[in-house]
Structure formats: structure tokens, C-alpha cells
Amino acid sequence: MAKEYTLSIIKPDGVERNLVGKIVTLFEAQGLSVAGIKKVQLARKVAEEFYGEHRERSFFGELVDFMVRSPVVVIALHGENAIQKNRDIMGATNPAQAAEGTVRKLFAKSIGENTVHGSDSAKASEREVGFFFAASELL
Ligand code: CMP
């Protein structure tokens, strides 16, 4: 399996509770490396563009309101099978269904405030890593 990049976002509820280090520790423990990391206050238009595929969903307004509430930390992760590994570490979107030991089981409050986002495919990871990082910033 080739090494891949994937995007993780530690959402406002995670950054507000100072969970960045604890979450990065979970990634690193599974062999993923931080290739790039930055703290960003998302503008509403930027959050709407990032989540554009959900624009027609009933929860879109709530999702955008939440994502612009306070800063997020965006992380380009790198490693073997990084896309699937990151999703396994995050756990199910709904924390009530997330497996023991996953980020969402440990920290998430609800399906809306679910602490982390992760790219769900190779196509999404390419778009999402490129959304926040220039190639020269992946180290
Ligand atoms: P994420 O992986 O960031 O991708 C889209 C997000 O939409 C998802 O995590 C959830 O936080 C959010 N989401 C999905 N379903 C719902 C819902 N029913 N109500 C509120 N937010 C949702």
C-alpha cells in the first residue's frame, strides 16, 4: 500500500476544549505523520465552499454556523493507508455509533459537534488537502 495524504480538521468543539494534542497523539500512535498543520478561523464563504457537497442538506446552515464559531486546526496527515486509517481513528460520524477508543467516542458531543472531519476518499483527500495546503507546505 502506497503512502497517502489525507486531511483532518479538528473542529471548533475540539479546539475550544484544548484537545489538539490528545487527538494528534492518536494519529501518531497509529503511524500517521503530521505533514502540515495550521490553526485557521474559517470565513463563512470558505466553510460553505469546503462543505459545498452538503449545500442541499437540511443541516447545512447548522454545519456552517458551527464550523465558523471559533478556529479550527487543519492537519495534512501522511502515511501508509492514511485515508482509511484516519477514518478508523475518527470513528463513526454519529458519536453514539462510534467504536471504543475512537476520537468521536472519546470526545464528540453530537453528530453536529463531532470534533473531527476526515477526507472520505482519494478524490476528496486530494481536494481537501489542496484546499488548505500548497504542495510546498507538505513536509
Ligand atoms: P463531517 O465528517 O465533517 O462531514 C459533514 C458533517 O456534517 C459531518 O461530519 C457532521 O458533523 C455533519 N452532519 C452530518 N449529519 C448531520 C446531522 N444530521 N445534523 C447535523 N450535522 C450533521
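If you're wondering where the values come from, they're calculated on a predicted model, not measured in any experiment.

K.L.:
With reference to specific residues and values, describe the overall build of the protein chain.
P.N.:
On a plain count of helices and strands, the protein chain comes out with seven helices and four strands. Counting from the amino terminus, the protein chain carries its helices and strands in the arrangement β-α-α-β-α-α-β-α-α-β-α. Its C-alpha atoms give the protein chain a radius of gyration of 14 Å, within 12% of the compact-globule value 14 Å for 139 residues. Each principal axis of the C-alpha distribution contributes one length, and for the protein chain these read about 40 × 35 × 25 Å. Scored against the burial criterion, the 139 residues of the protein chain give a buried share of 46%. If you sum the accessible surface of the protein chain, you get close to 7200 Å²; carbon and sulfur atoms cover 51% of it.

K.L.:
I'd like a description of the packing of aromatic side chains, backed by residues and values.
P.N.:
The tally for this structure, following the rule as stated, stands at four aromatic pairs. When the centroid spacing of 5.2 Å and the interplanar angle of 75° are considered together, the rings of Phe50 and Phe131 count as edge-to-face. One end of the pair, Phe50, is in helix α3 (residues 44–50); the other, Phe131, is in helix α7 (residues 122–132), and 81 residues separate them in sequence. A relative accessible area of 23% places Phe131 in the partly exposed class. For Phe50, a relative accessible area of 3% gives the class buried.

K.L.:
I'd love a proper account of the layout of surface pockets, names of residues and values included.
P.N.:
It is a probe the size of a water molecule, rolled over the atoms, that shows where empty space is left. A volume near 550 Å³ is recorded for the largest pocket. For the largest pocket, the lining is made up of 26 residues, of which Lys11, Tyr51, His54, Thr93 and Asn114 are closest to its centre. Among the residues making up the lining of the largest pocket, the classes are represented as nine nonpolar, seven polar and 10 charged.

K.L.:
Explain the site of the ligand residue by residue, including any values.
P.N.:
Around the ligand, a shell composed of Lys11, Tyr51, His54, Phe59, Glu62, Leu63, Thr93, Arg104, Ile111, Gly112, Asn114 and His117 is seen. Lys11 is positioned such that a nitrogen or oxygen atom in its side chain is 2.7 Å from an oxygen atom of the ligand. At 2.6 Å, a side-chain N or O of Tyr51 approaches an oxygen atom of the ligand. Considered on its own, the ligand offers 460 Å² of accessible surface; in the complex 80% of this is hidden by protein. In a pocket analysis with a 2 Å cut-off to the grid points, the ligand is assigned to the largest pocket.

The rules we used
Residues numbered from 1 in each chain as written. Predicted model: local features only at pLDDT ≥ 70, side-chain atom pairs only at ≥ 80, totals over all residues. Heavy atoms only, no water. Helix = DSSP H or I, 4+ residues; strand = E, 2+ residues; numbered from the N terminus. Rg over C-alpha atoms; globule rule 2.2 N^0.38 Å. Buried < 20%, exposed > 50% of the residue type's maximum accessible area, 1.4 Å probe, protein only. Areas by Shrake-Rupley, 256 points an atom, 1.4 Å probe, with all protein chains shown as cover. Phe/Tyr/Trp six-rings, centres within 6.5 Å; stacked < 30°, edge-to-face > 60°. 1 Å grid on protein atoms, 1.4 Å probe; cavity = no way out; pocket = protein on both sides within 12 Å on 5 of 7 lines; lining within 4 Å. Points joined across faces, edges and corners; volume = space filled by probe spheres on them. Nonpolar A, V, L, I, M, F, W, Y, C, P; charged D, E, K, R; others polar. Near = heavy atom within 4 Å. Polar contact = N/O pair within 3.5 Å; in protein donor to acceptor, adjacent residues only side chain to side chain. Sits in = over half its atoms within 2 Å of the grid points.

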